[in-house]
Structure formats: structure tokens, C-alpha cells
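Single-letter residue listing:
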Amino acid sequence: MSFNEFPFDRRIRAGISSVRYTTPTPIQQQAIPHVLAGRDVLGIAQTGTGKTAAFILPILQHLLAGPRGHVRALIIAPTRELAEQINQVAIALGKDTGVRTISIYGGVSKRPQLAALRRGVEIVVACPGRLLDHMTAGAIDLSHVEVLVLDEADRMCDMGFLPDIRRIIRRLPVERQTLFFAATMPAEIRALADKILRHPATVQIGAIAPVNTVSHALYPISNERKKALLAALLNRTATGRVLIFTRTKYRARSLAPYLKKQGRRVAALHGDMTQNQRQKAITGFRDGRYDVLVATDIAARGIDVTAISHVINYDVPDTVDAYTHRIGRTGRAHHTGEAFTLVTYADTLMIRSIERVLGTPIERRRLDGFDYGESVPEYQFAQPAAAPRRTSKTYRPRGRLRGRAAKATW
Ligand code: AMP
């Protein structure tokens, strides 16, 4: 199908042409008609599926009619990077509509945000903390909000924002349209969705299992030999842009210089950096100044770099959801990717949980010619015949796409 099949105003079509989208992605095909019809939507989709435009386009269409100068659409996102990315998409798609959009997040001066609010805006894309600051100071009037979007709601929950979200929602008009997006639906998120959505249409893309354009592999190794294996892996693999995840800021800080010494063009991305430094790292990665970005989970949220060829989990993530989110960074729209995970004996249980959700064992690989010494017992390379069985505790989303279509078709 084409975007022309949606009843968008010509000013919005101009925005779509300017970003050169021709075919709506599956989430856009499914969600846009519901959002245009004014329905609440529960979207189960991860970043990389095109979900931003799926809500921005119909919101812009809605805002063309009605008063200007009030905050009529509020979009809440967990990280500054994601908020900024959504803001940029709204600006690009809305360039001919006259609809004004701003982003609001901490770590930068409040002054430009306050000035923009005073001038009048229709769309606000905000992180919860700074938004609450402005609300408490009486600097933002949310009494005209007609559409609320919660983006990456599951991640907001992980990051402890749920009480803030509840406080914000309590201050919004009850009569409104609510769009709720999450990549995963743990119980707490399901409860929040049930509470704030009214007869929602559910759209689900790719579900909880990591995007199926990604192939996965495990590399058993000991802690001591991890760095050497990573360096060897990078040397042997025809990698494009590589995003490497570490468990802690400290490990990101120490791994980046090591890789630099190995001749890699590398930047680190973690929570101890200023907003400016983080933006520089992300922009440098996007522009190709760096081939490797070493990041922690939280810092990496919302990175919109479409051509990431490899995600490498230098450390296994703490939760299955975090694995899904990390892997969602590669294999984004139109691309295929590979996900390598370095695993030690201590990671066995987490790997079993991940395989349970994937529904299939992940391939164990040994790097040819790498000197493992005595460091990894042979049985760690053995391939399990089947994924561990599901238990009553395994989260099972309805109608998920696992096992179907090897590639996205758009
Ligand atoms: P998102 O999931 O919203 O972060 O989008 C992921 C990437 O897909 C972004 O780089 C978008 O610019 C791109 N994208 C979104 N919609 C389309 C589309 N219909 N056609 C091509 N690319 C798209």
C-alpha cells in the first residue's frame, strides 16, 4: 500500500515526501487508521518499526483543525535521546503544517524551553522529570491536551518513572485520546495500560521476540578472555557499525579506550557524560566518525541509527526485555543485522530465559583460531537440541510473529 491511501491533508503529504517514506511500515498500516479515527491504541512494537510516524502523522492531521497556541498533544518518552528523536520526526513531518513542536528534558537549560512554551506550541515531547518541574512551576498548561502518547512505556517503568507518569496523567483532561507503546508487556505495564486506555485497538508488530531480521549467536568465553575475544571478533567480522553493550558505566568507560588502542574508531556512551557529550557520541556514530559505540543500556535508549550491522553484548543483559531492547538496535527498517553475545558460565540461567522467549536455542559459536586456552569447558560450546520449555511464568504475548517471515517485507 502507499501513504496516499490514508486521508492525509496535502500539507502532511508534503512532510511524508520530504522524508522520502513511500510505503507505510506494518505498524503504520495498522495503527494510523485507528489513531485517525480517534481511538485509543495499545501498540506493542519496538523502536525500529516506524512507530514514531505511526502516531505523529495522525496527530498532525488532528491538530490541523482547532486552536493553535495550546499544548494539545503530549508525548512522553523515557530518555532525552528518544524525546529529541521524536521531536525531530514531528518537525520534519509537520514542516508545512505550521504546528509547533518542542522537546522538554533535563540536563539542558530550562530557559529556551520556557521561552518556547510562552510563544505557544501544540506538541510537547517530554521526559517525565523535567516535565514535572515545569508543571510544578506552573510553566506549562496541560489543560488543553487532547492526545497523550506514552512511548516505550515498559522502559519508563524499568527506569522507575511510573510514579511520575501517574502524577502527570492525573493532571491531564480525562477526555482525551491515549496512545500507549511498549516493546514488552510485563504485568505492571499491562495494569497501567488497562487503567488509562479506553476500549483500545491493539496493534502488535514483532511482539516480544527480538526483530526477526536479526540472527543471533552466543560466544562462550571466560571473564578474563572477554576483551581479547571481542577484539578478535571485531577483526574477523565484516562489521559495519557496531553497538557494544556493557553492564556498567565503568565497564563502558574502560572498554572504549581498549578498543581505541586496537585501532578502532570508538566512542563511549554512558550516564556519566553530559547531554552534550552524549549527543556528540551519537551524532559521530551516525555520521560514520565512529564505527563502534560502547554503551550502557539506559544511555543507548532511543539511538536512531538505522544502519547498525552488529549488536554485541559484551555483558549479558540483566533481563530478557533488556536483551530484546538491545537487539532492537540492529535489524531496523530495511536492514538485517547480527547479534553476538559473549557468555560466561555465570550467564547460563539468563541465556536459558532468553532462549525460552525466542522459542529456539541460540547458536553457540567458537571463533576459529582464537586461543581459548583452558578457559572455557567444552560443554559450553554444545548446542542444545531445543529451547528450554516454557513455564507458567514465561510471558506469552498473544498472536506473536515468532517463527514467521524471516525478513520484514517493507
Ligand atoms: P522508529 O521505529 O519510529 O524509530 O523508526 C525507525 C526508522 O525507520 C527511522 O529511521 C525512520 O526514519 C524509518 N522509517 C519510519 N517509517 C518509515 C517508512 N514508512 N519508510 C521508510 N522508513 C521509515
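Quick summary incoming for the structure in this document. (Residues numbered from 1 in each chain as written. Predicted model: local features only at pLDDT ≥ 70, side-chain atom pairs only at ≥ 80, totals over all residues. Heavy atoms only, no water.)

## Some remarks on the overall build of the protein
Item 1. In terms of regular secondary structure, the protein is built from 15 helices and 14 strands.
Item 2. For the protein, with 410 residues in total, the buried portion stands at 55%.
Item 3. Counting contacts in the protein only where the partners sit at least 6 residues apart, residues at least 24 apart contribute 76% of the total.
Item 4. Surface exposure of the protein reaches about 17600 Å², of which carbon and sulfur atoms provide 50%. (Helix = DSSP H or I, 4+ residues; strand = E, 2+ residues; numbered from the N terminus. Buried < 20%, exposed > 50% of the residue type's maximum accessible area, 1.4 Å probe, protein only. Contact = heavy atoms within 4.5 Å. Areas by Shrake-Rupley, 256 points an atom, 1.4 Å probe, with all protein chains shown as cover.)

## Focus: the packing of aromatic side chains
Item 1. The full count for this structure, using the stated rule, is 7 aromatic pairs.
Item 2. Their ring planes at 85° and their centres at 5.0 Å tell us that Phe-370 and Tyr-372 sit as a pair that is edge-to-face. You'll find Phe-370 and Tyr-372 in the same group, each marked buried.
Item 3. Through successive ring pairs, a cluster of aromatic residues spans Phe-3, Phe-6, Phe-8 and Tyr-21.
Item 4. Just above the ring of Tyr-314 sits the side chain of Lys-226; from NZ or CZ to the centre is 5.2 Å.
Item 5. Residue placement shows Arg-366 over the ring face of Phe-381; its charged tip is 4.0 Å from the ring centre. (Phe/Tyr/Trp six-rings, centres within 6.5 Å; stacked < 30°, edge-to-face > 60°. Lys NZ or Arg CZ within 6 Å of the ring centre and 35° of its normal.)

## Details of the pattern of salt bridges
Item 1. Considering all chains together, one arrives at 18 salt bridges under this definition.
Item 2. Two residues, Asp-9 and Arg-11, come together in a salt bridge whose shortest N-O distance is 2.8 Å.
Item 3. A salt bridge links Asp-133 to Lys-110, with the shortest nitrogen-to-oxygen separation between them at 4.0 Å. Of the two residues, Asp-133 is situated in helix 6 (residues 128–136) and Lys-110 in the loop between strand 3 (101–104) and helix 5 (111–119); the sequence distance between them amounts to 23 residues.
Item 4. On the accessibility criterion, Lys-110 (36% relative accessible area) is partly exposed.
Item 5. Connected via shared salt-bridge partners are Lys-51, Asp-151 and Glu-152. (Salt bridge = Lys/Arg side-chain N within 4 Å of Asp/Glu carboxyl O.)

## As for the pairing of strand 2 (residues 73–76)
Item 1. Side chains Ala-73 and Ile-75 project from strand 2 onto one buried face, and the interleaved Leu-74 and Ile-76 project onto a second face that is buried too.
Item 2. Across 4 bridges, strand 2 lies against strand 4 (residues 123–126) in parallel orientation. Residue Ile-76 lies in a different strand from strand 4, and its bridge partner there is Ala-126.
Item 3. Examined bridge by bridge, strand 2 and strand 5 (residues 147–150) share 4 bridges and lie parallel to one another. Looking across to strand 5, one finds that Leu-74 is bridged to Leu-148. (Pairing = 2+ DSSP bridges.)

## A short note on helix 12 (residues 275–287)
Item 1. Under the 1.5 Å per step criterion, the end-to-end length of helix 12 is 18 Å for 13 residues, consistent within 8% with the ideal 18 Å.
Item 2. Those residues of helix 12 that sit buried are Gln-275, Arg-278, Ala-281, Ile-282, Gly-284 and Phe-285.
Item 3. One or two residues past the end of helix 12 sits Gly-288, with phi positive at roughly 95°. (Expected span 1.5 Å × (residues − 1).)

## So, the nonpolar core
Item 1. Residues Phe-55, Ile-56, Leu-57, Ile-59, Ile-123 and Leu-179 are the most contacted members of the largest nonpolar core, which totals 40 residues.
Item 2. Contributing elements (two or more residues each) for this core: helix 1 (10–18), helix 2 (26–36), helix 3 (51–64), strand 2, helix 4 (80–93), strand 4, strand 5 and strand 6 (177–182).
Item 3. In terms of residues, this core owes the most to one element, helix 3, which gives 9 residues.
Item 4. Contacts of Leu-179, omitting those with residues within four sequence positions, involve Val-35, Arg-39, Val-41, Phe-55, Ile-59, Val-147, Leu-148, Val-149 and Leu-150.
Item 5. By size, the runner-up hydrophobic cluster in this structure holds 37 residues, among which are Ile-104, Val-121, Cys-157 and Leu-197. (Core = buried A, V, L, I, M, F, W, Y, C linked by side-chain atoms within 4.5 Å.)

## Regarding the packing of helix 2 against helix 3
The angle between the axes and the distance between the axes are what describe a pair of packed helices.
Item 1. Contact geometry of helix 2 with helix 3 gives a least axis separation of 9 Å together with a crossing angle of 25°. Compared by their axis directions, helix 2 and helix 3 come out roughly parallel. Judged by the twist between their axes, the crossing of helix 2 over helix 3 is right-handed. Contact residues: helix 2 offers Ile-27, Gln-28, Ala-31, Ile-32, Val-35 and Leu-36, while helix 3 offers Lys-51, Ala-53, Ala-54, Leu-57, Pro-58 and Gln-61.
Item 2. Class assignment for the residues of the contact of helix 2 with helix 3 results in 9 nonpolar, 2 polar and 1 charged. (Axes fitted to C-alpha atoms, helices over the stretch in contact; angles between N-to-C directions. Parallel < 35°, antiparallel > 145°, perpendicular 65-115°, else oblique. Left-handed = near helix turned anticlockwise from the far one by under 90°. Nonpolar A, V, L, I, M, F, W, Y, C, P; charged D, E, K, R; others polar.)

## Focus: the environment of Thr-246
Item 1. Among the secondary structure elements, Thr-246 is positioned in the loop between strand 9 (241–245) and helix 11 (249–261).
Item 2. Taking the relative accessible area as the measure of exposure, Thr-246 reaches 0% and is therefore buried.
Item 3. Spatially, the C-alpha atom of Thr-246 lies 6.2 Å from that of Ala-295, the residues being 49 residues apart in sequence.
Item 4. Ignoring any residue separated from it by four or fewer positions in sequence, one finds Thr-246 in contact with Arg-251, Ala-252, Leu-255, Val-294, Ala-295, Thr-296, Asp-297, Tyr-314, Asp-315 and Arg-326.
Item 5. At 3.3 Å, the side chain of Thr-246 and the backbone nitrogen of Ala-252 are in polar contact. (Polar contact = N/O pair within 3.5 Å; in protein donor to acceptor, adjacent residues only side chain to side chain.)

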